[in-house]
Amino acid sequence: MALPMRSLLADPDRYLQSFRLFLEKSTEHQSMREFMERQLPDVIASIGNGKSTINVLSIGGGSGEMDLLILSKLQARYPGVTINNDVIEPSADQISKYKERVAQTSNLRNVKFTWHKETASEYESRMNAEKKSRKWDFIHMIQMLYYVKDVPATIRYFHSLLESQARLLIILVSENSGWQTLWKKYGSYFPMDDLCSYVNSGDLRRILDSAGLKYQLYELPSHMDITSCFIEGDKDGELLLDFLTETLDFSKTSPPELKHQVMEELKKPGCSENRDGKVFFNNNLGVIVIEP
């Protein structure tokens, strides 16, 4: 009897392994870093004008790598200003890594960190229960909207917390990426226990347009080397397939016909391109900066 298909998130260790491999094989973080270096200074140019304290809310801050880059840009733009950096992150492991990263980073004297081990919706519920509505100068959500049950409601809530000069920055997969192609065609076949929605920059654009919100959209080119996925029995290839499909042991548990179709799809121009005998998956990202 065939093994049932299960969400990759059912095995946190394997998820983390596959995620680390994804970062190693893709230009995801390089693309984000380039954005932080080139475009972020303009995005934050007026959020702290005349303020002695800047309040930053990180939703799904992970291990803090991108957060600390954002903070360094804020410090460069507003030298000497106190920055309160609150982090919403449900994984104790990620918070622990974040704290280690902070301990190893110099020049954070004027940054005050507060970590909350909770999801975005748990944070919202807690604030509502405590009848609090704290305002923020900068809120960012990097690659986390997939784990939210009601995306429009989440955007509405956090948008309502913006100060008058503030910005809400969201990074997620682009509507022009291989993710969009793969998810649109095969998402309904993959187990979605913990992943709530296959949302992309196009979906977000439509949500913001219907809500009448002002925003800027940036496209970040990125790719991932998935050549090993096509080598039968390759351990890295199997891990990357798990990550691409959000399925634990996809190679071993998916019906043969589904596996065949997914492997064929991954080779097509809608998902990937072939260069020098290697297969590069289109990992383009969309960055959306929303105004108050």
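Residues numbered from 1 in each chain as written. Predicted model: local features only at pLDDT ≥ 70, side-chain atom pairs only at ≥ 80, totals over all residues. Heavy atoms only, no water.

An unreviewed UniProt entry lists the chain under the name HNMT methyltransferase, with Smithornis capensis given as the organism. In its Subunit (unreviewed entry) section, the UniProt record describing the chain reads: "Monomer." (UniProt positions renumbered as here; feature names shortened; annotations may be inferred.)

Take the sheet that holds strand S3 (residues 82–88) next. With respect to topology, 7 strands assemble into an open sheet ordered S4-S3-S2-S5-S6-S12-S7, the strand pairing being mixed. Edge positions in the open sheet fall to strand S4 (111–116) and strand S7 (215–220), since each of these has one partner strand only. Put simply, the sheet's adjacent strands are angled 15 degrees from each other on average, direction ignored. Note that S3 and S4 share 6 bridges and pair parallel. Its bridge partner lying in S4, Asn85 is registered against Phe113. (Pairing = 2+ DSSP bridges. Helix = DSSP H or I, 4+ residues; strand = E, 2+ residues; numbered from the N terminus. Axes fitted to C-alpha atoms, helices over the stretch in contact; angles between N-to-C directions.)

Our focus in this paragraph is the side chain of Arg167. Relative to the helices and strands, Arg167 is located in strand S6 (residues 162–173). Apart from the residues lying within four places of it in its own chain, the contact partners of Arg167 are Val43, Ile47, Asp137, Phe138, Ile139, Leu162, Val289, Ile290, Glu291 and Pro292. (Contact = heavy atoms within 4.5 Å.)

Turning next to the nonpolar core. Core analysis: the largest hydrophobic core is formed by 58 residues, its most contacted members being Leu145 and Phe158. Contact partners of Leu145, with chain neighbours within four places excluded, come to Val151, Thr154, Ile155, Ile170, Leu172, Ser197, Val199 and Leu204. By size, the runner-up hydrophobic cluster in this structure holds 32 residues, among which are Met32, Ile47, Ile54 and Phe113. (Core = buried A, V, L, I, M, F, W, Y, C linked by side-chain atoms within 4.5 Å. Buried < 20%, exposed > 50% of the residue type's maximum accessible area, 1.4 Å probe, protein only.)

So, on to the packing of helix H4 (residues 65–77) against helix H5 (residues 92–103). At their nearest, the axes of H4 and H5 sit 10 Å apart, and the two run at 40 degrees to each other. With respect to each other, H4 and H5 are oriented oblique. The chirality of how H4 crosses H5 is right-handed. From H4, Glu65, Asp67 and Leu68 reach across to H5, where they touch Tyr98, Arg101 and Val102. (Parallel < 35°, antiparallel > 145°, perpendicular 65-115°, else oblique. Left-handed = near helix turned anticlockwise from the far one by under 90°.)

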